[in-house]
Amino acid sequence: MSATTDFTHAAFTQWLREHKLMGVRSTASQYVTVPPKPLAPAQHECDMEWVSLSGKGTLEAFSIIYIASTTMIREGYGRDHPYCAGVVRLEEGPAISAQILGVDVSHPETIRVGSPVTVEFIDSGEGAQRRTRLGFRVGV
Amino acid sequence: MANRKLGRGVALVGAGMSGFGVFPRLSSRDLFVQAYLEMLGTVDKGISPADIEAVFIGNFSSELFEGQGHTAPIMTEWVGLTPRPSTRIENACASGGAAIRQAILAIASGMHDVVLVGGIEKMTSLPTERVTDALTTAGDVLYEIPAGFTFPGFYAAMATAYMARHGASAEALMQVTIKNHDNGSLNPKAQFGTRISDIIASKKAAAEQKGKPVPDWADERAFLSDERANPSIAWPLRLFDCSPISDGSAALLLVAEDRAKSYSAAPLYITGSGQSSDAALHSRSDFTSIGAARRAAAEAYAMAGITPSDVGVAEVHDCFTIAEIIATEDLGFFEAGEGHKAVIEGCTRRDAVRPVNSSGGLKSKGHPVGASGVGQVVEIWKQLRGEAGRRQVPGGPALGLTHNVGGTGQTCVVHVFERRS
């Protein structure tokens, strides 16, 4: 895989399978973005490089979801097994959507915007079928 | 941003809609025919179909909802306008507003004088999970969907961010629901033509009739806080915070300003048009406001030469209750963080200083997504012409606004309409 030069979803997903949260950075402007995009918006620099992200951030918005998408229904979630989806602002600046772990979904009023979170990779399936989704855990 | 003006003026001379609701026997083309015929009946001085030169159709996803692509020529055929050029515009739930803007640009450019705009969506043939999935495609399927987001989930996330920053409570969300159901109860085209108090009374009566324990909700807030009566969909949003899954269509007739009086005794003039785009929700700096709405509104206000306080009646995109509160701030009706207080104080009621969603909004009227932005204009048409009947905003407003959001705010389209005496 030419993940070092292809700033694609396929490359990002490959990094996730390796339990790495990667963004891209413009070498000239030092602009960091995730999800990865091949060019930086302001000056259209095409000098991006992959950069390893700390995986630390802050929960900025969230919801406890009862009526799940079919993606999450396949993972066993739904009305009787709700889950938390959120947006995490990373230390490096950009924010990304992820499942939020380590929260009491039956008491959503206890979950705080502003909570520090740490990346956690959510694997499902085995072997070649293994896929990895992005998660963040509160309170570690 | 430069203050752009249209190349020539554009007027609205007709507006109609089908009912919004669940219509198992009607496809989108059937609904469009209903909207078109009602629209023709609103053209005061009549119009020959031969005058209509082009058709723009707002539609989000006839492929996913009906298994039908290439929808615009079909709509055009069904109203007998083949072979006019016919184009579908897709910007998720802002498809209707975007179609209106394209019609405006087609007229302002001088290419056409008389243009038909339609909005259509037929959503109720699919089970709810598949509708949820179809709507989710208006987000980023590569990066937002794997997180588990759904559309109620996105707006719920905005609600948690808004509540955390501004100290808002669920009370404000409930007041949006109560107000919009009150307004919708006066709209014969609304999907939910019932006030929350009527729903409570009918549920109590039903329990009594069946000999079951009668629920003891003291008022609307007690009912809306009851998890059994109003279950969580995506906390903090519950069922009654969400617009419904709907079928429906709306149609407008736009003409060059110098033709307006030949069709209409009381045309409306489209004096402002704004549209903006944005990144996926997570790629924005602020989750408590929709930047595309602020930019679209600024563009439309500048073009029209007005300020927010000039707006006498507004239809805003209340796909979820929190969205209406945020919209009233993005449009400049209230300062950031004040919108939740304003709705609790009743400032957005039909008879108050800033009437919002006199039609019942998407919440009560229904949200056939591609039709919603066009349907908003039907309400402004009625309100500015004094034809809104029992839900008429008092004082004879002369200036109306529509605010139509696509997705979580990746698109917003704002239009300003004026009645001239």
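Preceding block: the structure.
Trainee: Quick question: what am I supposed to make of the packing of aromatic side chains here?
Mentor: Describing an aromatic ring pair means giving the distance of the ring centres and the angle of the ring planes. Residues and elements named next belong to chain B. Using the criterion set out here, one finds 13 aromatic pairs over all chains in the structure. Both rings, one in F60 and one in F65, keep their centres 6.3 Å apart while their planes meet at 65 degrees; by these two values the pair is edge-to-face. The exposure class of F60 is buried, given its relative accessible area of 6%. Using a relative accessible area of 3% as the deciding quantity, one classes F65 as buried. An aromatic cluster of three or more residues is present, and its members are F149, F151, F154, Y155 and F320. It is R29 that lies over the ring of W78; its NZ or CZ is 4.4 Å from the centre. The ring centre of F333 lies 5.1 Å from the NZ or CZ of R354, which sits over that ring.

Trainee: Looking at this structure, how should I read the layout of surface pockets?
Mentor: To find leftover empty space, one rolls a probe the size of a water molecule over the atoms. Considered as a void within the structure, the largest pocket measures approximately 570 Å³ in volume. Residue assignment for the lining of the largest pocket shows that the elements contributing at least two residues are α5 (128-136) and α6 (151-166) of chain B. Of the residues forming the lining of the largest pocket, the biggest block, four residues, is contributed by α5 of chain B. Its residues assigned to classes, the lining of the largest pocket shows 19 nonpolar, eight polar and one charged. Volume-wise, the second largest pocket comes out at about 240 Å³. Lining of the second largest pocket is provided by 16 residues; of these, H9, L16 and T132 of chain A together with L142 and P146 of chain B occupy positions nearest its centre. Its residues assigned to classes, the lining of the second largest pocket comprises 10 nonpolar, four polar and two charged.

Trainee: When you look at empty space enclosed by the protein in this model, what are you seeing that I'm missing?
Mentor: Residues and elements named next belong to chain B. Taken as a whole and assessed by the stated rule, the structure comprises two cavities of 30 Å³ or more. What the largest cavity holds in volume is close to 40 Å³. Lining the largest cavity we find Y155, M158, I290, H317, A323, I326, A327, D330, H403 and V405. If you list the elements that add at least two residues to the lining of the largest cavity, you get α6, α12 (321-330) and β10 (399-406). Considering every element that reaches the lining of the largest cavity, the biggest residue donor is α12, with four residues. Residues belonging to the lining of the largest cavity are distributed by class as follows: seven nonpolar, two polar and one charged. Within this model, the second largest cavity holds a volume of roughly 30 Å³. Forming the boundary of the second largest cavity are M17, N187, S359, K365, G375, V378, E379, K382 and R391.

Rules and cut-offs
- Residues numbered from 1 in each chain as written.
- Chains lettered and ligands numbered in written order.
- Predicted model: local features only at pLDDT ≥ 70, side-chain atom pairs only at ≥ 80, totals over all residues.
- Heavy atoms only, no water.
- Phe/Tyr/Trp six-rings, centres within 6.5 Å; stacked < 30°, edge-to-face > 60°.
- Buried < 20%, exposed > 50% of the residue type's maximum accessible area, 1.4 Å probe, protein only.
- Lys NZ or Arg CZ within 6 Å of the ring centre and 35° of its normal.
- 1 Å grid on protein atoms, 1.4 Å probe; cavity = no way out; pocket = protein on both sides within 12 Å on 5 of 7 lines; lining within 4 Å.
- Points joined across faces, edges and corners; volume = space filled by probe spheres on them.
- Helix = DSSP H or I, 4+ residues; strand = E, 2+ residues; numbered from the N terminus.
- Nonpolar A, V, L, I, M, F, W, Y, C, P; charged D, E, K, R; others polar.

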